[in-house]
Amino acid sequence: MFEHFENPRELLEYRLGAAVSMERDSLSMLGDLEEAAQSEDVKQMYRHHADETRQQSQNLDRIFEELQISAADQPSPTTKGIAREGSSLIRKSEPALLDMVTLSAALETEHAEIAAYQSMICTADALGLSNVVQLLTENLEQEEHTSKELYDKLRTLSAA
Ligand SMILES: [Fe+2]
Ligand SMILES: [Fe+2]
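Residues numbered from 1 in each chain as written. Chains lettered and ligands numbered in written order. Predicted model: local features only at pLDDT ≥ 70, side-chain atom pairs only at ≥ 80, totals over all residues. Heavy atoms only, no water.

Asker: Account for the overall build of the chain, naming residues and giving values.
Answerer: A tally of regular secondary structure across the chain gives five helices and zero strands. Mapped in sequence order, the helices and strands of the chain form the string α-α-α-α-α. Radius of gyration (C-alpha) of the chain: 16 Å, near the 15 Å computed for a compact globule of 160 residues. Summarising its shape, the C-alpha atoms of the chain cover approximately 50 × 25 × 20 Å along the three principal directions. Within the chain, the fraction of its 160 residues that count as buried is 44%. Taking contacts inside the chain between residues at least 6 apart in sequence as the whole, the part at least 24 apart equals 77%. (Helix = DSSP H or I, 4+ residues; strand = E, 2+ residues; numbered from the N terminus. Rg over C-alpha atoms; globule rule 2.2 N^0.38 Å. Buried < 20%, exposed > 50% of the residue type's maximum accessible area, 1.4 Å probe, protein only. Contact = heavy atoms within 4.5 Å.)

Shown next as structure tokens:
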């Protein structure tokens with residue numbers, strides 16, 4: 001892989017590699033959140049998004065095929081950090097707080113994912129990679145939809 005980025009395409013390839021790690025971290029965190037959450041409807045949100053996350057990883061695989069490059073994992077310290085903070089708060093919180101704690105952690109991950117996809121879409125679009133843009137946009141739309149659901153649920157719970 002590159003040690004120094006010289007053009008947007010190299011940067012995009014690097015970010016796609018980081019997105020592979022990001023989705024893997026996200027899937028693993030969703031499992032932990034499902035386990036920690038107390039209400040069935042919150043657990044169900046994590047299960048549903050875990051299914052979408054698997055599709056998102058497949059979309060990333062298709063993007064690597066489209067670009068005719070091999071998928072190279074790059075680090076994703078942001079999602080790792082959010083997962084670590086979430087686990088720590090889960091350990092420290094009373095069961096009655098766990099729906100809220102897990103929803104916050106999930107929401108933070110969604111925001112990181114949204115920003116990552118938006119950046120990659122801008123670069124891919126500028127490079128004229130329309131199939132890549134389409135696959136990235138599918139992922140972005142799922143993240144945005146999930147983010148809204150999580151936020152709505154968090155607001156409802158907090159107001160209760
Ligand atoms: Fe995702
Ligand atoms: Fe997500």
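Asker: Break down the environment of Tyr46 for me, with residues and values.
Answerer: Along the chain, Tyr46 turns up in helix H2 (residues 40-67). For the pair Tyr46 and Met29, spaced 17 residues apart in the sequence, the C-alpha separation amounts to 9.3 Å.

Asker: Report on the coordination of the iron ion (ligand 1), specifying residues and quantitative values.
Answerer: All of the protein donors around the iron ion (ligand 1) are Glu23 (OE), Glu23 (OE), Gln56 (OE1), Glu113 (OE) and Glu143 (OE); their distances to the metal are 2.0 to 2.4 Å. A spacing of 3.2 Å is found between the iron ion (ligand 1) and the iron ion (ligand 2), which share Glu113 as a donor. With Glu23 in helix H1 (residues 8-36) and Glu113 in helix H4 (residues 98-126), this residue pair connects regions lying 90 residues apart in the sequence. According to the relative accessible area criterion, Glu23 is buried, its value standing at 0%. Look at Glu113 and you get buried, because its relative accessible area is 0%. (Donors = N, O, S within 2.8 Å, 3.2 Å for Na, K, Ca; no water.)

Asker: For the packing of H1 against H4, give the residues involved together with the corresponding values.
Answerer: One way to put it is that H1 packs onto H4 with a least axis distance of 10 Å and a crossing angle of 165°. As the angle between them shows, H1 and H4 are arranged roughly antiparallel. Where H1 crosses over H4, the two elements pack in a sense that is left-handed. Split into classes, the residues belonging to the contact of H1 with H4 amount to 16 nonpolar, five polar and three charged. (Axes fitted to C-alpha atoms, helices over the stretch in contact; angles between N-to-C directions. Parallel < 35°, antiparallel > 145°, perpendicular 65-115°, else oblique. Left-handed = near helix turned anticlockwise from the far one by under 90°. Nonpolar A, V, L, I, M, F, W, Y, C, P; charged D, E, K, R; others polar.)

Asker: A description of the coordination of the iron ion (ligand 2) should follow, citing residues and the corresponding values.
Answerer: At 2.1 to 2.4 Å from the iron ion (ligand 2) lie its protein donor atoms, namely His49 (NE2), Glu110 (OE), Glu110 (OE), Glu113 (OE) and Glu143 (OE). The sequence motif formed by the donor residues of the iron ion (ligand 2) is H-x60-E-x2-E-x29-E.

Asker: Help me get a handle on H2, residues and values and all.
Answerer: The periodicity of an α-helix, 3.6 residues per turn, causes residues three or four places apart in sequence to face the same way. Over its 28 residues, H2 runs 41 Å from end to end, which matches the ideal 40 Å to within 8%, given 1.5 Å per residue. Gln68 sits one or two residues past H2 and shows a positive phi near 55°. (Expected span 1.5 Å × (residues − 1).)

Read these as spatial facts, not as claims about activity.
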